[in-house]
Amino acid sequence: MRYSMQLVAILATLTLAGCFTLPTGPAGPQGATGYTGATGNTGYTGATGRPGATGGTGATGATGDTGYTGATGDTGATGNTGYTGATGSTGARGSTGAKGSTEAGTVVVIPAR
C-alpha cells in the first residue's frame, strides 16, 4: 500500500504540473564553432582563343547618269479683242399729269382699340 500511495502522489503531481507553466530559465552558453575543412585545389583553366579576323567591306556601286530635261514649247499668239458696240440713244421724256385740287375741311382721327 505504501507504493500505491506514492504512485498516486506522483501521478497527481505530474497531472497538476501540466496545468501550470513557469517561465523558462536563462539560456546556456553557446558551444564552440567547429573547424572548417581544407579547401581543395582548383583545376587549371585553358587559355582563351584569339578572335577571328573581320571581313572586308564590299565596294560601293557607281551612281547612274542623270537624264536631260526636254525643251519647253513656245507660247501661242494672243488673239484680238472684239469691239464694243455703240451706245443707244435715250428715249423721249414724258409730260407730267394735271395737278388735283385740295378741299379745306375737318380731318377726323379714330384711335385704334
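Participant: What should I look at first to understand the overall build of the protein in this one?
Facilitator: For the protein, the count of helices and strands is 1 helix and 0 strands. Whereas a compact globule of 113 residues would reach a radius of gyration of roughly 13 Å, the protein reaches 68 Å, over 25% beyond that. A total of 113 residues make up the protein; the buried ones form 0% of that total. For the protein, the exposed surface amounts to about 12,800 Å²; the carbon and sulfur share of it is 56%.

Participant: Any chance you could explain the environment of Gly85 here in plain terms?
Facilitator: Inspection of the secondary structure puts Gly85 in the segment after α1 (2-17). On the basis of relative accessible area, Gly85 is assigned to the exposed category, the value being 57%.

Thresholds applied
- Residues numbered from 1 in each chain as written.
- Predicted model: local features only at pLDDT ≥ 70, side-chain atom pairs only at ≥ 80, totals over all residues.
- Heavy atoms only, no water.
- Helix = DSSP H or I, 4+ residues; strand = E, 2+ residues; numbered from the N terminus.
- Rg over C-alpha atoms; globule rule 2.2 N^0.38 Å.
- Buried < 20%, exposed > 50% of the residue type's maximum accessible area, 1.4 Å probe, protein only.
- Areas by Shrake-Rupley, 256 points an atom, 1.4 Å probe, with all protein chains shown as cover.

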